[in-house]
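Fold and geometry: a report
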Amino acid sequence: AQSVTQLDSHVSVSEGTPVLLRCNYSSSYSPSLFWYVQHPNKGLQLLLKYTSAATLVKGINGFEAEFKKSETSFHLTKPSAHMSDAAEYFCVVSNKEYGNKLVFGAGTILRVKS
Amino acid sequence: DAGVIQSPRHEVTEMGQEVTLRCKPISGHNSLFWYRQTMMRGLELLIYFNNNVPIDDSGMPEDRFSAKMPNASFSTLKIQPSEPRDSAVYFCASSSTGTGSYEQYFGPGTRLTVT
């Protein structure tokens, strides 16, 4: 079985400060892991993906995530938040057992204060 | 490159009417997914197709919902008859099984309001 836990439903940061969105996963097989972002009234956009290559994955808009197998974590970070980063972020897992279905976390809403 | 295309973007209809949502996947992708998103239930997978064949429709809420994929470039999700509780944003997504990494690309969604 596989599942995803996003540890914070809401995160609030000031513009220019670091962002940390936490995600833990469970997977019976080697997982593929993703972060998606959804801006208000928009579709989901792929931010970055991990697929068993480098454990530190760089994505769009300055985001990156590190796969830590020992901790079963895939936290999303950004050194300096921008107002345009305010959105909802989803951590997602998949593996060969589930074919190409994705399992979504509940989402973390990121608020960026000016 | 054109992404996943969905139409209409907004649909307002009265209870009891038939609603048809349309999706054009990314060219070359062979898997297509229909999702529903609401505040209460979050994002739910309704059905998905591989190579135009429905693989898993366990998320379809009831017989009022049906989905078809007549060819590799087009899919429909139909609700008949529609009910107010069907109000939601419906997303279509596509992916390529050939990559082995399972990422899906989402369309902009159709916001359905049933009054």
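Conventions adopted
- Residues numbered from 1 in each chain as written.
- Chains lettered and ligands numbered in written order.
- Predicted model: local features only at pLDDT ≥ 70, side-chain atom pairs only at ≥ 80, totals over all residues.
- Heavy atoms only, no water.
- Helix = DSSP H or I, 4+ residues; strand = E, 2+ residues; numbered from the N terminus.
- Rg over C-alpha atoms; globule rule 2.2 N^0.38 Å.
- Buried < 20%, exposed > 50% of the residue type's maximum accessible area, 1.4 Å probe, protein only.
- Contact = heavy atoms within 4.5 Å.
- Areas by Shrake-Rupley, 256 points an atom, 1.4 Å probe, with all protein chains shown as cover.
- Lys, Arg positive; Asp, Glu negative; His and termini not counted.
- Charge placed at Lys NZ, Arg CZ, Asp CG, Glu CD.
- Buried area = accessible area lost by both parts, 1.4 Å probe.
- Salt bridge = Lys/Arg side-chain N within 4 Å of Asp/Glu carboxyl O.
- Core = buried A, V, L, I, M, F, W, Y, C linked by side-chain atoms within 4.5 Å.
- Disulfide = S-S within 2.5 Å.

**Quick look at the overall build of chain A**
Regarding its fold elements, chain A presents 0 helices and 12 strands. Taking 13 Å as the expected radius of gyration for a compact globule of 114 residues, we find that chain A reaches 13 Å, a close match to that expectation. Taken along the three principal axes of its C-alpha coordinates, chain A extends 45 × 30 × 20 Å. Counting the 114 residues in chain A, one finds 45% classified as buried. For chain A, long-range pairs separated by at least 24 residues make up 58% of all intrachain contacts whose partners lie at least 6 apart in sequence. For chain A, the accessible surface area stands at approximately 5,400 Å², while carbon and sulfur atoms represent 51% of it. Taken together, the 11 basic and 8 acidic charged side chains of chain A have centroids lying 4 Å from each other.

**A look at the interface of chain A and chain B**
If you look at the interface, chain A gives 20 residues, while chain B gives 22 residues. For the chain A and chain B pair, buried surface summed over both sides reaches about 1,600 Å², with 55% attributable to carbon and sulfur atoms. Area buried by chain A at its contact with chain B is led by Leu44, Asn100 and Lys101 of chain A, which between them contribute 37% of it. Here chain A is connected to chain B by 2 salt bridges.

**A short note on the nonpolar core**
In terms of nonpolar packing, the biggest core is built from 26 residues, with Leu21, Trp35, Leu48, Phe74, Leu76, Tyr89 and Leu110 of chain A touching the most fellow members. With 4 residues, the single largest contributor to this core is strand β10 (residues 87-94) of chain A. Every residue in contact with Leu76 of chain A, bar those within four places of it in the chain, is listed here: Val19, Leu20, Leu21, Trp35, Leu47, Leu48, Phe63, Glu64, Ala65 and Tyr89 of chain A. With 21 residues, the next largest nonpolar core counts Leu21, Cys23, Leu32 and Val114 of chain B among its residues.

**A look at unusual backbone geometry**
Residue and element names in this part refer to chain B. Cis rather than trans, the peptide bond between Ser7 and Pro8 has omega equal to -10 degrees. Along the chain, Pro8 turns up in the loop between β1 (5-7) and β2 (10-13). A cis amide bond links Gln80 to the next residue, Pro81, at an omega of -5 degrees. Mapped onto the elements, Pro81 comes out in the loop between β8 (74-79) and β9 (88-95). With a phi angle near 50 degrees, Asn51 is a residue other than glycine that sits in the positive phi range. Locating Asn51 in the fold gives a position in the loop between β5 (42-50) and β6 (53-56). Phi at Asn52 is positive, roughly 75 degrees, even though this residue is not glycine. As for its position among the elements, Asn52 is in the loop between β5 and β6. Among the residues examined, Asn52 registers a relative accessible area of 28% and is labelled partly exposed.

**Side note on the pattern of salt bridges**
Scanning all chains against the criterion turns up 13 salt bridges over all chains. Its salt-bridge partner being Lys101 of chain A, residue Asp56 of chain B comes within 2.8 Å of it at the nearest N-O pair. Of this pair, Asp56 of chain B sits in strand β6 while Lys101 of chain A sits in the loop between β10 and β11 (103-104), on two different chains. For the pair Asp56 of chain B and Lys101 of chain A, a shared accessibility class is recorded, and that class is buried. For Glu83 of chain B, the salt bridge identified is with Arg85 of chain B, shortest N-O distance 2.6 Å. Of the residues examined, Arg85 of chain B reaches a relative accessible area of 55% and is grouped as exposed.

**What about the state of the cysteines?**
All names here are of chain B. By the definition in use, this model includes 2 disulfides over all chains. With a sulfur-sulfur separation of 1.9 Å, Cys23 is cross-linked through a disulfide to Cys92. The disulfide joining Cys23 to Cys92 has a torsion of about -70 degrees about its S-S bond and is therefore left-handed. Of this pair, Cys23 sits in strand β3 (residues 19-24) while Cys92 sits in strand β9, placing them 69 residues apart in sequence.

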